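Each chain, written out:
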Amino acid sequence: MEYQVKNISPNNFEQCIKCTICTAYCPVLAVNPDYPGPKQAGPDGERYRLKNPEFYDKALKYCLNCKRCEVACPSNVKIGDIIQMARLDYDKKPVPLRDWTLANTDFVGSMATKMAPIVNTVLKMPIVKKAMDVTIGVDSHRQFPAYAGRTFESWMKKKAPDQSVYARQVSYFHGCYVNYNYPKLGQDFVKVMNAIGYGVRLLEKEKCCGVAKIANRLVKEAKRDAELNINSIRKAVMEGHAPVVGTSSTCIFTMRDEYPHLLGVDNSDVREDILIATAWLYRLMETEGVKLVFRPDYKARITYHTPCHMQKLGWTIYSVSLLKSIPGVDFVPIESQCCGIAGTYGFKKENYAYSQAIGKDLFEHIKEANVDFVATDCETCKWQIEMSTGVPVYNPISVIADALDVEATRRANGLV
Amino acid sequence: MDKKHCKKHYDVIVIGAGATGAGTARDCAMRGLSTLLVERFDFTAGATGRNHGLLHSGARYAVTDRESATECIKENMILRKIARHCVEETGGLFVTLPEDDLEYQKKFVESCRLSGIDAEVIDPAEALRLEPAVNPDIIGAVKVPDGAVDPFRLTTANAISARQHGADILTYHEVVDLPVSNGRVTGVELLDRHTGERLVVDASLVINAGGIWGHLIAKKVGVTINMFPAKGALLIFGHRVNNTVINRCRKPADADILVPGDTISLIGTTSSRVPFDQVDNMDVTQEEVDVLLREGVKIAPSLAYTRILRAYAGVRPLVASDDDPSGRTISRGIVCLDHATRDGLEGFITITGGKLMTYRLMAEWATDMACRKLGHTGVCRTAETPLPGSEENVGEDKPRKSHIIEMSTDQLAAQGRHGSLSSEIEYKSDTDDALVCECEEVSVGEIKYAIDKLHVNNLVNLRRRTRLGMGTCQGGLCACRAAAILGNELGKRDEALCDLASFVNERWKGMMPVAWGQTLVEAQFTSWMYEGVCGLEPCKDNIKETHQQ
């Protein structure tokens, strides 16, 4: 046997040569000196935790799980995964009610949509916001996204145009936001897909991707949802011979990478079939000759904000290329920076100030860009940017749907 | 301490600040003797700082050397009490591999019983549950009360205790001569290795605790001690592979002990006779690395792919009994020689042989002899009195200025290193909170504490007191930071660059025998930073040699 041919360690933590580039790229460390930083919290801290779990530093909860450290690492150390695994393995404190509520987007969403008008009104009331701030620690600056009166799933089943007429099909992972808060994005996706001759179908069963549960240490629940989702995805891919696409970069990232890395859910047979909608659309245009035709009167000055998980996926190029292909678009590039919200992270009172400090530069760049709106593939980035800059934010799929000349597109793709 | 404060005359001068010398100085001081401890380099610069750090249960010697085994288990139990902050109670396993004879286990357990060592045969499956790193193919396992002991902390704690009881300490002072008058050693002549100055200090008794170098000291007054230097090499792995000591249940041989020591794991040792002129030249050979790996992988398969930080070797001061000059009956037992009765030279005794585990007992024997010779009636209390850092409930750790979340990792790490003395570390400013050594979690505050209180002259001293530079990057990030603090605190900024270059080279020396994979990348990165970017040049000064020790 050959010894020491290579070093193998969980999440490659032994590969770290302490170059500290990750630390330089960490958005949290720049604003919060209590956070040890990715190198310290990750590979360095891991050595101490292996010695004795008592060395677990509770400050690891400040990690956004943005994975920008992993993108920066030249040695392929899974720094973000090391930190998240440490939180899941060593933080034994019970999960507080607030975190449970924020994490259970599915449960809360299905309750709230039933009484959407009341819930929306109540959640906007200053006294309610103040009360939530004081009692459970949801920062009063935050506004919960409004709940829709009808879920996207319900719209698909009862109101959507018949999707079975299309010869080609694609499965859509809508995610909680589209389902409970913003069915319009799902409808936009259906509009674009139908225009290029694809029918959209839902997964047999869909649960929250689990990112919020992972972030709030509800591992068992997250794993249960993950297994259900992967089984549904597997069925869609194997039986339907169609990929599963989504319009939320975080949902897609979670199902591709966090499932196997953090939850131990094997997705290796279907991982490459889980895609963000823009990447898939771009691929269809490159390889299948699919064409999009846009309205000549469409005019907009826009920029694209790269969500951290989109950065990690390396797929920003697809969204940006599609947006730039719209003739009426005046595209203003800005630097890729974390907006600071990181899902439920920014809703927590103790994180609010850090959250805003992290996004400060980005907000200024957006304001300076003087655009009509910002495009981004992540819903929580949307909330953060809209709240912090006043500039509206749309998903690239919605932008495409808005700019699309549906009839001309159908003709260009030989559907008429 | 500065030699200006050195007294003209002491009851006892102890030569050598390894565990035995520091322990002897402590015992002497505690019994009320005025004591001076002298050391040519730093604490633990010899064999004390170059071993396994294994808190032997004695089981390893039970079959071959029952006397040593009995001493070990007694001292083991004592150290757990008096040196809590230096000891980690990991427990130990003696495992039988398919290629080993399971019959040996019976003999082993019986010998342990006769030596008073609690050895319990357990199911191999249970052993694997206790210690997942152990080879799953083992056919037998015995649980014993082994542990880990940090020799650097242990020696420093003994030195601090000696000082607290009034002893004086001079490091970097080499004994160049032992003045003799009327058949009696009257003291020592010292050379200050930093300044080149010489001074003579008188003593009623000189105790030679120089380890393998003790025979050179004795030679200065024409006394021969029949020593046999035995080199032992070890490998340090980058992180904890095991949390329980794993021994191989067979007649002691190469690479059959894997010890978890602080943040790392150690496999060792080899054993080879070396000529006397090689005792200062402890390079680890490729053959030794190969043996350590080949045998180590048998007890813990993950060693085959775990990053190795460095290799090092030490010299055991084995002594042949006086009636056997051929050296066939070499003992690992304690040898305490009164040169008055043995060689007709008064005022001089040698304490040698033994092992790290029995340092306290060696100190007790030497001090007993010293008291007898000096007509002093002190009683040994070192077996009951906790070492500084191991006392209970002494002061509280000072909260960090900036860290709002309970204790930070480096504070916990400092507590592990200094025990209750960590309460003396000051975090006066945000700068004190900052980390110097990131791999081993050493803060600026801890560095300043060590410089102020723990006899620190250079970066190597600082490493031994705090673990600075002992982690994954082997000083790559911390050495320059520490050099700056050290230069400022000691007011020796001119020497800082030279010290830095020596330190980085000393780290490389240990990495070289295992320089492949990420360890090689790390070393290249370090040299690229220091030499390429910062333009650091190798130290040409004659201080260099001193700095490396």
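Given the structure is predicted, the values throughout are model-derived calculations rather than measurements. (Residues numbered from 1 in each chain as written. Chains lettered and ligands numbered in written order. Predicted model: local features only at pLDDT ≥ 70, side-chain atom pairs only at ≥ 80, totals over all residues. Heavy atoms only, no water.)

Participant: How do you make sense of the overall build of chain B when you look at a structure like this?
Facilitator: Assigned secondary structure in chain B consists of 18 helices and 23 strands. Viewed in the frame of its principal axes, chain B has a C-alpha envelope of about 65 × 60 × 45 Å. Within chain B, the fraction of its 549 residues that count as buried is 63%. Roughly 20400 Å² of accessible area belongs to chain B as shown, and the carbon and sulfur atoms make up 50% of that amount. Of the charged side chains in chain B, 63 are positive and 76 negative; the average position of the first set lies 2 Å away from that of the second. (Helix = DSSP H or I, 4+ residues; strand = E, 2+ residues; numbered from the N terminus. Buried < 20%, exposed > 50% of the residue type's maximum accessible area, 1.4 Å probe, protein only. Areas by Shrake-Rupley, 256 points an atom, 1.4 Å probe, with all protein chains shown as cover. Lys, Arg positive; Asp, Glu negative; His and termini not counted. Charge placed at Lys NZ, Arg CZ, Asp CG, Glu CD.)

Participant: Would you mind showing me how to read the overall build of chain A here?
Facilitator: Counting its regular elements, chain A contains 21 helices and 8 strands. Against the 2.2 N^0.38 benchmark of 22 Å for 416 residues, chain A shows a C-alpha radius of gyration of 22 Å, consistent with a compact globule. Seen through its C-alpha atoms, chain A measures out along the principal axes to roughly 70 × 65 × 40 Å. Summed over its atoms, the accessible surface of chain A is roughly 16900 Å², and 55% of this surface lies on carbon and sulfur atoms. Each charge class in chain A can be summarised by its mean position, and for the 53 positive and 46 negative side chains these summaries are 3 Å apart. (Rg over C-alpha atoms; globule rule 2.2 N^0.38 Å.)

Participant: Where do I start with the domain arrangement of chain B in this structure?
Facilitator: Frequently, the measure chosen for interface size is the accessible area removed from exposure when the parts meet. Residue and element names in this part refer to chain B. Along its sequence, chain B is organised into domain 1 (3-47 + 152-226 + 322-374), domain 2 (88-147 + 228-319) and domain 3 (409-548). With 14 residues of domain 1 at the interface, the matching set in domain 3 holds 15 residues. Buried area between domain 1 and domain 3, summed over both chains or domains, comes out near 1400 Å², and the portion from carbon and sulfur atoms is 50%. On the domain 1 side of the contact with domain 3, Phe152, Arg153 and Tyr172 bury the most area, a combined 33% of that side's loss. Across the domain 1-domain 3 interface, the total number found is 2 salt bridges. Aspartate 42 serves as the salt-bridge partner of arginine 464, at 2.8 Å between the closest nitrogen and oxygen. Looking at which element gives the most residues to the side of domain 1 that touches domain 3, the answer is helix H6 (residues 151-164), with 5 residues. Looking at the side of domain 1 that touches domain 3 residue by residue, the class counts come to 6 nonpolar, 4 polar and 4 charged. (Domains from an automatic or database assignment. Contact = heavy atoms within 4.5 Å. Buried area = accessible area lost by both parts, 1.4 Å probe. Salt bridge = Lys/Arg side-chain N within 4 Å of Asp/Glu carboxyl O. Nonpolar A, V, L, I, M, F, W, Y, C, P; charged D, E, K, R; others polar.)

Participant: Even after reading the chapter, I still don't get the sheet that holds strand E5 (residues 300-304) of chain A, so can you show me in this structure?
Facilitator: In a beta sheet, neighbouring strands are held together by backbone hydrogen bonds and run either parallel or antiparallel to one another. Residues and elements named next belong to chain A. The parallel open sheet is built from 4 strands, whose spatial order is E6-E5-E7-E8. Of all strands in the sheet, those bounded by a partner on one side alone are strand E6 (329-331) and strand E8 (393-394). Across 3 bridges, the pairing between E5 and strand E7 (residues 373-375) is parallel. Across the sheet, the residue bridging to threonine 303 is valine 374, located in E7. (Pairing = 2+ DSSP bridges.)

Participant: For this particular structure, what's the right way to read the interface of chain A and chain B?
Facilitator: In this assembly, 29 residues from chain A lie in contact with 43 residues from chain B. Taking both partners together, chain A and chain B bury about 3200 Å²; carbon and sulfur atoms supply 51% of that area. Among the residues chain A hides against chain B, the three largest losses belong to Gln4(A), Arg47(A) and Tyr48(A). Together they make up 24% of the total. Linking chain A with chain B are 3 salt bridges. Taking the shortest distance from any N to any O, the salt bridge between Arg47(A) and Glu440(B) comes out at 3.1 Å. Taken together, the links from chain A to chain B amount to 20 residue pairs in polar contact (both at pLDDT 80 or more). Among the residues making up the side of chain A that touches chain B, the classes are represented as 12 nonpolar, 6 polar and 11 charged. (Polar contact = N/O pair within 3.5 Å; in protein donor to acceptor, adjacent residues only side chain to side chain.)

Participant: What is the right way to look at unusual backbone geometry in this model?
Facilitator: Glycine aside, the phi torsion of most residues is negative, and most peptide linkages are trans. In this model, Gly268(B) is joined to Thr269(B) through a cis peptide bond whose omega is -15°. Within the secondary structure layout, Thr269(B) lies in the loop between strand E16 (264-268) and strand E17 (272-273). Its identity as a non-glycine residue notwithstanding, Asn12(A) has a phi of 55°, on the positive side. Mapping Asn12(A) onto the fold places it in the segment before helix H1 (21-25). What makes Asn12(A) partly exposed here is its relative accessible area of 23%. One non-glycine residue, Asn76(A), lies in the positive phi region at around 60°. Note that Asn76(A) resides in the loop between helix H3 (68-72) and helix H4 (79-90).

Participant: What exactly am I supposed to notice about empty space enclosed by the protein here?
Facilitator: A water-sized probe rolled over the atoms picks out the places where empty space is left. Residue and element names in this part refer to chain B. Enumeration according to the criterion identifies 8 cavities of 30 Å³ or more in this entry. What the largest cavity holds in volume is close to 140 Å³. Around the largest cavity, the lining is made up of 19 residues, and of these Arg153, Thr156, Arg417, His418 and Arg465 lie nearest the centre. Sorting the residues of the lining of the largest cavity by element identifies H6, helix H11 (409-418) and helix H14 (459-466) as the ones contributing at least two each. (1 Å grid on protein atoms, 1.4 Å probe; cavity = no way out; pocket = protein on both sides within 12 Å on 5 of 7 lines; lining within 4 Å. Points joined across faces, edges and corners; volume = space filled by probe spheres on them.)

Participant: Help me understand the sheet that holds strand E3 (residues 244-246) of chain A in this model?
Facilitator: All names here are of chain A. In spatial order, the strands read E2-E1-E3-E4; together these 4 strands make up an open sheet with parallel pairing. What marks the edges here is a single partner per strand, and that holds for strand E2 (198-202) and strand E4 (274-276). Sheet twist, expressed as the mean angle between neighbouring strand axes with direction ignored, is 40°. Where strand E1 (residues 168-173) lies against E2, 5 bridges are found, and the strand directions are parallel. By the bridge assignment for E2, serine 171 is matched with arginine 201. Along the sheet, helix H15 (residues 277-287) contacts E1, E2, E3 and E4; its crossing angle with E4, the most-contacted strand, is approximately 90°. (Axes fitted to C-alpha atoms, helices over the stretch in contact; angles between N-to-C directions.)

Participant: Help me out: how do you make sense of the domain arrangement of chain A in this one?
Facilitator: Residue and element names in this part refer to chain A. When the domains of chain A are assigned, the result is domain 1 (10-90), domain 2 (97-135), domain 3 (152-289) and domain 4 (300-403). If you average the C-alpha positions of domain 2 and of domain 4, the two centres end up 25 Å apart. Of the roughly 430 Å² buried between domain 2 and domain 4 on both sides combined, carbon and sulfur atoms contribute 54%. A per-residue breakdown of the area domain 2 buries against domain 4 is headed by Arg98, Leu102 and Asp133, which together make up 88% of the total. Where domain 2 meets domain 4, there are 3 salt bridges. Arginine 98 serves as the salt-bridge partner of glutamate 350, at 2.9 Å between the closest nitrogen and oxygen. For the pair domain 2 and domain 4, the interface holds 2 residue pairs in polar contact (both at pLDDT 80 or more). In terms of residue count, the dominant contributor to the side of domain 2 that touches domain 4 is helix H5 (residues 97-103) (3 residues). A breakdown of the residues in the side of domain 2 that touches domain 4 according to their chemical character gives 1 nonpolar, no polar and 3 charged.

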